Amino acid sequence: MAWFRKEKKPREPRRERLEIPPDVWEKCEACGHTDIREKFVRNAHVCPSCDFHRRMRAHEYVGILLDTDSWEETEADLRSVDPLNFPEYPARLKKALGAAGESDAILTATGTMEKMPVNLAVMDFAFMGGSMGSVVGEKIARLGELSLERKFPLVIISASGGARMQEGVLSLMQMAKTAAVLSQLHDRRIPYVSILTNPTTGGVSASYAMLGDAILAEPGAVIGFAGPRVIRQTLGQDLPEGFQTAEFLLDRGMVDQVVHRHQLKKTVGQLLRHMSGKPAAAGWETS
Amino acid sequence: MGTSALEFEKPIVEIEKQIDELKRMAEEKSMSVDAELAPLVDKLQAMRAEIYRTLTPIQRVQVARSPRRPFTLDYLRLCFTDFIELHGDRAFRDDASIVGGWARLEGETVMVIGHQRGRDTKENLYRNFGMPHPEGYRKALRLMKLAEKFHVPVLTFIDTSGAWAGLGAEERGQSEAIARNLFEMSELAVPIIATVIGEGGSGGALALGVADRVLMLEHSVYSVISVEGCAAILWKDGKSPETREKAASALKITAPDLLELKIIDGIIPEPVGGAHADHAAMAQTLHDVLIENLDELKRLKPEKLIHRRREKFLQMGRYED
Ligand SMILES: [Zn+2]
């Protein structure tokens, strides 16, 4: 192993015929497995070698969950503003807009999943750490209202470090706002499935993420109210192995199932069928 | 009164000392000092008024956190009668950082629930510095549902730097407990009035704060993150006075700021020199404001109440469409 750690001087890439450009290669954060990017993408960013669930972009989740060509994005024009004149917020927003290629930390869509109509919201960690500000709250509220109108089940995939500090208490109130929408869905008996991905912490975990009629989590995802760093600080010692992982939450009774990304669509479909009085999908009768 | 005085209150404490000294002398020598006392008392009032009129955001944070301010149990003693405390979440344990129970406001039964801090180290350890575990929020929810069952209004007092971050709190579902309260409070079929009496720290505060009326005492603060946390993230320095002051200003956490942002519904004025300068006067004002708000809310049918409450929170946020 020693030769791995040796600092090498960056050298000129050798020009070889048929060489694959370096940005085509990706490395698994968990096991170090290196593969062509395309291979990770085709496997929904699950490491082909160790099954580690890598981060995935919002539109990619839409791609694996909703039926092909069945969906359209909703409220794509909502944009964050800088209501508090917060230091450097406009610059950070601008940077995020450029880098993430999404309009904010969430994408909302309406479409079908296994031919069932569904409204889907997916948070995008690449946009300012998936932080929840006014736009995230408003998009969820509007998608929830669309669910109330059309009686479509709601599915939200969370990935967030928490509330967006730069919008102050306005972002804190998005927790209450999203909870208010979900309580309306509850009254009308419209199913809501919450999916927790890595990481789901802070204000997002302490609002809609933990309010699902069913709560699913991806393997290995870090889920909690306080981030591990904060707890380590108050504790003054290291956290127990596996603390705040999806599997830990399953054991403590906080989530219904830990679900492999490849099984997400099927599992959500099964849950929604049960909760909306629909017959089982083909193939479930015997299993 | 000299103990744990805030830095900017030093001149006030100085005059208080002079007044005490004068009174002591008068008693010792049984002579009248009224002539000497009067100008000092005037000076004290003027100075309190001046200092408190120009409080900066970070000074308000210090005031809000002061152990000399009235806490939930103080208001229970001063504004209410016939209080009987109810303990426990019926699942795990009693969390002393949240107190609650039946009480009477001007003779009528209400459910009072609030964060409870401690004044000294021993009390703070018992109260966990007013930072609840999940069972605290679950006790609060139990009491709210109890109030709903008997058509009794809920009055909450917010006074916490935040929900506790620790192993047990995480293990028992801190996120779920807070989320559940937000959810249930948005459809509780009785009037809810929430008052921030000290520090309103993040989700741990909001878990008692989804209300028909959200009020703040004049010098209290309400924030999505502690000023220290914000400063640490933004300027990699959560300790120096400069960065804390910058964070306190940037986060817009004062009552006037939040009224302007339509996050809260009203500000309750504090006595000259802050709530801690005169507990009784503060309690009297709070008492009157609560009655006034409750009278308005009691006229609304439950469906209307819930509809309005939800709509209020659904309107919160600023964005470009
Ligand atoms: Zn791997």
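About the cut-offs
- For every chain, the first residue of the written sequence is number 1, and numbering continues from 1 along that sequence.
- Working convention: letters from A go to chains and numbers from 1 go to ligands, in the order in which they are written.
- In view of the model being predicted, local features appear only for residues whose pLDDT reaches at least 70, and side-chain atom pairs are presented and counted only at 80 or more, with totals across whole chains, interfaces and linings using the full set of residues.
- Per the convention used, a helix needs a DSSP run of H or I reaching at least four residues, while a strand needs a run of E reaching at least two, with both numbered from the N terminus.
- Here the globule rule is a power law, 2.2 Å times the number of residues to the power 0.38, and the radius of gyration is based on C-alpha atoms.
- With C-beta atoms placed from the backbone, a residue is labelled by how many other C-beta atoms lie within 10 Å of its own: buried for 20 or more, exposed for 12 or fewer, partly exposed between the two.
- Once C-beta atoms have been placed from the backbone, residue pairs whose C-beta atoms lie within 7 Å are recorded as contacts.
- On a range of 0 to 100, pLDDT expresses the predictor's confidence in each residue.
- For two strands to be treated as a pair, DSSP must find no fewer than two bridges joining them.
- Handedness of a crossover is defined as follows: orient the strands so they point away from the viewer, and if the path from the first strand over the helix to the second runs clockwise, the crossover is right-handed.
- An automatic or database domain assignment supplies the residue ranges for each domain.
- Any residue outside Ala, Val, Leu, Ile, Met, Phe, Trp, Tyr, Cys, Pro, Asp, Glu, Lys and Arg is labelled polar, Gly included; the first ten of those are nonpolar and the last four are charged.
- Each nonpolar core comprises buried Ala, Val, Leu, Ile, Met, Phe, Trp, Tyr and Cys residues, the members being joined through C-beta atoms within 7 Å.
- Starting at the helix axis, one direction is taken to each C-beta atom, and the arc is that of these directions.
- Under this scheme, a helix contributes an axis fitted over its contacting stretch, all axes are lines through C-alpha atoms, and angles between N-to-C directions fall in the 0 to 180 degree range.
- The scheme is simple: roughly parallel for angles under 35 degrees, roughly antiparallel for over 145, roughly perpendicular for 65 to 115, oblique for anything else.
- A crossing counts as left-handed when the near helix is turned anticlockwise from the far one by less than a right angle, and as right-handed when that turn is clockwise.

Counting secondary structure elements, chain A contains 10 helices and 11 strands. A compact globule built from 287 residues should have a C-alpha radius of gyration of about 19 Å, and chain A, at 20 Å, falls within 12% of that. Across its three principal axes, chain A shows a C-alpha extent of roughly 65 × 55 × 40 Å. Within the span of chain A, comprising 287 residues, buried residues form 46% of the whole. Looking at chain A alone, contacts between residues at least 24 apart form 67% of all its contacts between residues at least 6 apart.

Here we come to the overall build of chain B. Along its length, chain B carries 14 helices and nine strands. A compact globule built from 321 residues should have a C-alpha radius of gyration of about 20 Å, and chain B, at 21 Å, falls within 12% of that. Counting only C-alpha atoms, chain B reaches 65 × 50 × 40 Å along its principal axes. When the 321 residues of chain B are sorted by exposure, 49% land in the buried category. Excluding contacts between residues fewer than 6 apart, the proportion of contacts in chain B whose partners are at least 24 apart in sequence is 69%.

With that settled, consider the confidence of the model for chain B. Looking at chain B as a whole, its pLDDT mean stands at 95, while 99% of the residues score no less than 70. As scored by the predictor, the complex reaches a pTM of 0.93 and an ipTM of 0.95.

All names here are of chain A. Within strand β7 (residues 154-160), seven of the seven residues are buried, which leaves the element mostly enclosed by the surrounding structure. Across the two faces of β7 the burial is the same, with Leu154, Ile156, Ser158 and Ser160 and Val155, Ile157 and Ala159 all buried. Two strands pair when backbone bridges link them, and strand β6 (residues 116-123) and β7 are joined in this way by four bridges, in the parallel orientation. Within β7, the position partnered with Ala121 by the bridge is Ile156. Taken together, β6, helix α5 (residues 134-150) and β7 form a β-α-β motif whose crossover is right-handed. Pairing between β7 and strand β8 (residues 192-201): six bridges, direction parallel.

The next point concerns the environment of A:Met116. Residue and element names in this part refer to chain A. Along the polypeptide, Met116 turns up in strand β6. For Met116, a count of 17 C-beta atoms within 10 Å gives the class partly exposed. For the pair Met116 and Arg273, spaced 157 residues apart in the sequence, the C-alpha separation amounts to 8.6 Å.

Below, the discussion takes up the domain arrangement of chain B. You'll often see interface size given as the accessible area lost when the parts meet. Residues and elements named next belong to chain B. Entries for chain B in the domain assignment read domain 1 (7-54) and domain 2 (61-314). Distance between the C-alpha centres of domain 1 and domain 2: 34 Å. Tallying the contact residues gives five residues for domain 1 and four residues for domain 2. Residue composition of the side of domain 1 that touches domain 2, grouped by class: three nonpolar, one polar and one charged.

Further remarks concern the nonpolar core. Residues A:Ala179 and B:Leu182 are the most contacted members of the largest nonpolar core, which totals 157 residues. It is helix α6 (residues 168-187) of chain A that provides the largest number of residues to this core, a total of 11 residues. The contacts of B:Leu182, once residues within four sequence positions are left out, are A:Met175, A:Ala176, A:Ala179, A:Ser207, B:Leu206, B:Ala207 and B:Val210.

Turning our eyes to something else, we now look at helix α10 (residues 227-235) of chain B. Residues and elements named next belong to chain B. All of the buried residues in α10 are Val227, Cys230 and Ala231. In a view along the axis of α10, the buried residues occupy a sector of 100 degrees, so they form one face of it. Along its buried surface, α10 packs onto α3 (57-65) and α11 (241-250). Phi for Lys236, located one or two positions after α10, is positive at around 50 degrees.

Contact pair α6(A) / helix α8 (residues 174-185) of chain B: the axes reach a minimum separation of 8 Å and the direction vectors enclose 60 degrees. Between α6(A) and α8(B), the crossing angle belongs to the class labelled oblique. Judged by the twist between their axes, the crossing of α6(A) over α8(B) is right-handed. Contacts from A:Met175, A:Ala176, A:Ala179, A:Leu182 and A:Ser183 of α6(A) reach α8(B) at B:Ala179, B:Leu182 and B:Phe183.

Here we take up the interface of chain B and chain A. Facing 42 residues of chain B, the contacting portion of chain A comprises 47 residues. Only α7 (167-171), α8, α9 (202-206), β7 (221-223), α10, α14 (302-314) and β9 (319-320) of chain B provide two or more residues apiece to the side of chain B that touches chain A. Sorting elements by how many residues they give to the side of chain B that touches chain A places α8(B) first, with seven residues. Of the residues in the side of chain B that touches chain A, the class split is 24 nonpolar, nine polar and nine charged.

Moving on, we come to the domain arrangement of chain A. All names here are of chain A. Along its sequence, chain A is carved into domain 1 (15-54) and domain 2 (55-275). Between the C-alpha centres of domain 1 and domain 2 there is a distance of 26 Å. Across the contact, six residues belong to domain 1 and nine residues belong to domain 2.

What follows is about unusual backbone geometry. All names here are of chain A. Residue Pro199 is bonded to the preceding Asn198 through a cis peptide linkage, with omega at -10 degrees. Among the secondary structure elements, Pro199 is positioned in strand β8. Despite not being glycine, Asn85 shows a phi value in the positive range, around 50 degrees. Along the chain, Asn85 falls in the loop between β4 (79-80) and α4 (89-100).

All right, on to the packing of helix α6 (residues 134-149) of chain B against α8(B) then. Residues and elements named next belong to chain B. Packing of α6 against α8 brings their axes to within 8 Å, and their N-to-C directions diverge by 20 degrees. In terms of their interaxial angle, α6 and α8 are classed as roughly parallel. Crossing geometry of α6 relative to α8 is assigned as left-handed. Together, Pro134, Tyr137, Arg138, Ala140, Leu141 and Met144 of α6 and Gln174, Ala177, Ile178, Arg180, Asn181, Glu184 and Met185 of α8 make up the contact between the two elements. Along the lines of polarity and charge, the residues of the contact of α6 with α8 split into eight nonpolar, two polar and three charged.

Turning our eyes to something else, we now look at the pairing of β8(A). All names here are of chain A. Judged by how many residues are buried, β8 sits mostly within the fold: 10 of 10 residues are covered. Handedness of the crossover is the feature at issue here: the chain leaves β7, passes through α6, returns alongside β8, and the resulting connection is right-handed. Summarising the sheet, β8 and strand β9 (residues 214-217) pair through four bridges and their orientation is parallel. Counterpart to Ser194 in the pairing with β9 is Ile215.

With that out of the way, let us pick up the environment of B:Val154. Residue and element names in this part refer to chain B. As for its position among the elements, Val154 is in strand β4 (residues 154-160). Residue class for Val154 comes out buried when judged on the 26 C-beta atoms lying within 10 Å of it. Note: C-alpha distance between Val154 and Val110 (44 residues apart in sequence) is 6.0 Å. The contacts of Val154, once residues within four sequence positions are left out, are Met111, Ile113, Met144, Ala147, Leu188, Val190 and Ile192.

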